[in-house]
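# Chains, contacts and geometry: an overview
The lines below spell out each chain.
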Amino acid sequence: MSKVRVRFAPSPTGPLHLGGVRTALYDYLFAKNQGGDFILRIEDTDTARYVEGAEDYIMEALQWCGIIPDESPVHGGPYGPYRQSERRAIYERYTRQILETDYAYIAFDTPEELEAIRQEYEAKGEVFSYNSLTRQRLKNSIALSEDEVKALLEVQTPFVVRFKMPMDRILNLEDLIRGNFSINTNTLDDKVLVKNDGMPTYHFANIIDDHEMKISHVIRGEEWLPSMGLHVLLYEAMGWQAPQFAHLSLILKPEGKGKLSKRDGDKFGFPVFPLNFTDPQTGQVSQGYKEAGYLPQAFINFLALLGWTPSGEREILSLEEMVKDFDLNKVHKAGARFSKEKAEWFNHEYLKALPDQEILTLLKPHLPASQSALTDEKILRIIGLMKERATFPADIYHHGKFFFEAPSNYDEKAVKKAWNETTAGIMSQLAEKLSAKEGDFSSESLKETLHHFAEEHHLGMGKVMMPLRLALVGELKGPDVPDILELIGPAEAITRIKNAVSRIG
Ligand code: GLU
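Residues numbered from 1 in each chain as written. Predicted model: local features only at pLDDT ≥ 70, side-chain atom pairs only at ≥ 80, totals over all residues. Heavy atoms only, no water.

### A word on the nonpolar core
The tendency in soluble globular proteins is for nonpolar side chains to be buried as a group. Grouped together as the largest cluster of nonpolar side chains are 112 residues, with contacts concentrated most on Leu29, Phe299, Phe338, Leu468, Leu472 and Leu485. Of the residues forming this core, the biggest block, 10 residues, is contributed by helix α20 (residues 481-504). Not counting residues within four places of it along the chain, the set of residues in contact with Phe299 comprises Leu18, Val21, Trp64, Cys65, Pro274 and Tyr289. Core analysis: the next-biggest nonpolar cluster, separate from the first, contains 37 residues, Ile39, Ile90, Ile98 and Phe245 among them. (Core = buried A, V, L, I, M, F, W, Y, C linked by side-chain atoms within 4.5 Å. Buried < 20%, exposed > 50% of the residue type's maximum accessible area, 1.4 Å probe, protein only. Helix = DSSP H or I, 4+ residues; strand = E, 2+ residues; numbered from the N terminus. Contact = heavy atoms within 4.5 Å.)

Below, the structure is given as structure tokens:
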């Protein structure tokens, strides 16, 4: 069998959506699982929809995810160029070739003429289609005489090349995910293959490149399923063997119906793009997973499981493990419902498994400049205490602010629960006890001290710990109180207790 070669072929018409990244990921996983090549091809023949910066964005996004192409516009390779806009000469050669077959013809109808016909049909309550039934009555090399065509060409009349869709044929198609299905060619139209500027449309350029680049498997989004019949016929027309096809189902909205959109992301507060994207026209910035604090390993792990079930009960898999296990037979036919909670769960799992030193690097940009006074050693200890409760690196600061600064106010409910008329007295005595302990302020020894203190004063532990926590944190949350005490140190601890006594009463 020839080598497995799979391409990801995005059009640079905007930022890559979550679904696009997942397609690239599945392309990559399948190729690598089969010991094959993963190719990135930029499909930029549609100049009207070209968005400045989109190509760089695609490259950076794949790079961040660790989905590294073997061949691409930047990596090069034996089948380049990998940007369609640079392959014009190749397409021209094949345009001449297909025009010599009975599968294509040229058409002179102007966009205005076609629009007028469309409206005529609409007025009759019908839908116009350029196809085997209508082509005889239109302005093309099938309907016109040879002389008429010649005359039009002589005066440089612009024309397009159209596919001549065969009539009354049943196409039996095979999709590696969806199984077999058939379509009647009478339901398909005569698609434009080459535009009047000589550039091929998506369909023609796509099959030429897949053939030239020796692509063995086309794994792409289900929005391309309706084009599969045409593509298979184009291979037939060119006398080429078609690759195998697999169409991936959609990523669905969190509520389960319809395609996940940017609007859903805005509504429920999660990104739908891998990286921040600044719209070059409006200047509007859409948040990316990277900038929201997701780790690339968590992001791709989460994404891979939106539509694929690995073997066993496993959920946490590295890219290498996913490559080993990936199987198109286990890719779901049905759409996969997006879940923000699940995405966050993955990030939490990956974050807490990172070495503290790496979390420190990720956390630092989130620390206000005023906090830089804390030593790395202290911040590393805070990370050790807080990472179990963090989803994103920044959470360690936001949920652990009390390590960095004294509480500015006290949660009202917590005050009601933890503080009564005797508390101020108890806390003042505790402050004295702690100031006598400056020599050993380790969490172990503090634990003992607090126990003794409670015993001496015939108090339950809660009567000591709750108000103390309130004084240190401002609410009844956070890691063990002795750990907090040790980290902030005796001077700060005593100041906070005294503050609480005077402010709460
Ligand atoms: N350029 C198409 C896209 O933007 C590629 C579709 C395909 O993979 O054939 O998705």
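### What about the site of the ligand?
Inspection of the region around the ligand gives Arg7, Ala9, Ser11, Glu43, Tyr202, Asn206, Arg220 and Trp224 as its neighbouring residues. Within the side chain of Ser11, one N or O atom sits 3.0 Å away from a nitrogen atom of the ligand. Arg220 has a polar side-chain atom sitting 2.9 Å from an oxygen atom of the ligand. Within the complex, the protein chains bury 84% of what would otherwise be the 300 Å² of accessible surface of the ligand. Partitioned by chemical class, the residues of the shell around the ligand number 3 nonpolar, 2 polar and 3 charged. (Near = heavy atom within 4 Å. Polar contact = N/O pair within 3.5 Å; in protein donor to acceptor, adjacent residues only side chain to side chain. Areas by Shrake-Rupley, 256 points an atom, 1.4 Å probe, with all protein chains shown as cover. Nonpolar A, V, L, I, M, F, W, Y, C, P; charged D, E, K, R; others polar.)

### Some words on the pairing of strand β3 (residues 104-107)
Across a regular strand the side chains alternate sides, sitting on one face of the sheet and then on the other. What you see with β3 is no split at all: Ala104 and Ile106 on one side and Tyr105 and Ala107 on the other are buried throughout. Alignment of β3 against strand β4 (residues 160-163), held across 4 bridges, turns out to be antiparallel. Residue pairing across strands places Ala104 opposite Phe163, the latter belonging to β4. (Pairing = 2+ DSSP bridges.)

### Regarding the packing of helix α13 (residues 376-386) against α20
Interhelical geometry of α13 versus α20 gives an angle of 165° and a closest axis separation of 10 Å. As far as their axial angle goes, α20 and α13 are roughly antiparallel. As for the relative orientation of α13 and α20, their crossing is left-handed in sense. Listed contacts from α20 to Lys378, Arg381, Ile382 and Leu385 of α13 are Asp483, Glu486 and Leu487. Residue composition of the contact of α13 with α20, by class: 3 nonpolar, no polar and 4 charged. (Axes fitted to C-alpha atoms, helices over the stretch in contact; angles between N-to-C directions. Parallel < 35°, antiparallel > 145°, perpendicular 65-115°, else oblique. Left-handed = near helix turned anticlockwise from the far one by under 90°.)

### Regarding the environment of Thr278
Position of Thr278 among the secondary structure elements: in strand β11 (residues 277-278). For Thr278, a relative accessible area of 46% translates into the label partly exposed. For Thr278, the residues in contact, after removing those within four places along its chain, are Gly283, Gln284 and Val285.

### Some remarks on unusual backbone geometry
Here the bond from Gly80 into Pro81 is cis, since omega is -5°, no more than 30 degrees from zero. Here Pro81 lies in the loop between α2 (54-65) and α3 (88-99). Phi at Gln156 takes a positive value of approximately 60°, unusual for a residue other than glycine. Mapped onto the elements, Gln156 comes out in the loop between α5 (146-154) and β4. Not every positive phi belongs to a glycine, and His458 is a case in point at roughly 50°.

### Details of the environment of Thr361
Residue placement: Thr361 occurs in helix α12 (residues 356-363). Taking relative accessible area as the criterion, Thr361 reaches 56% and is therefore assigned exposed. In sequence terms Thr361 and Tyr91 are 270 residues apart; their C-alpha atoms lie 49 Å from each other.

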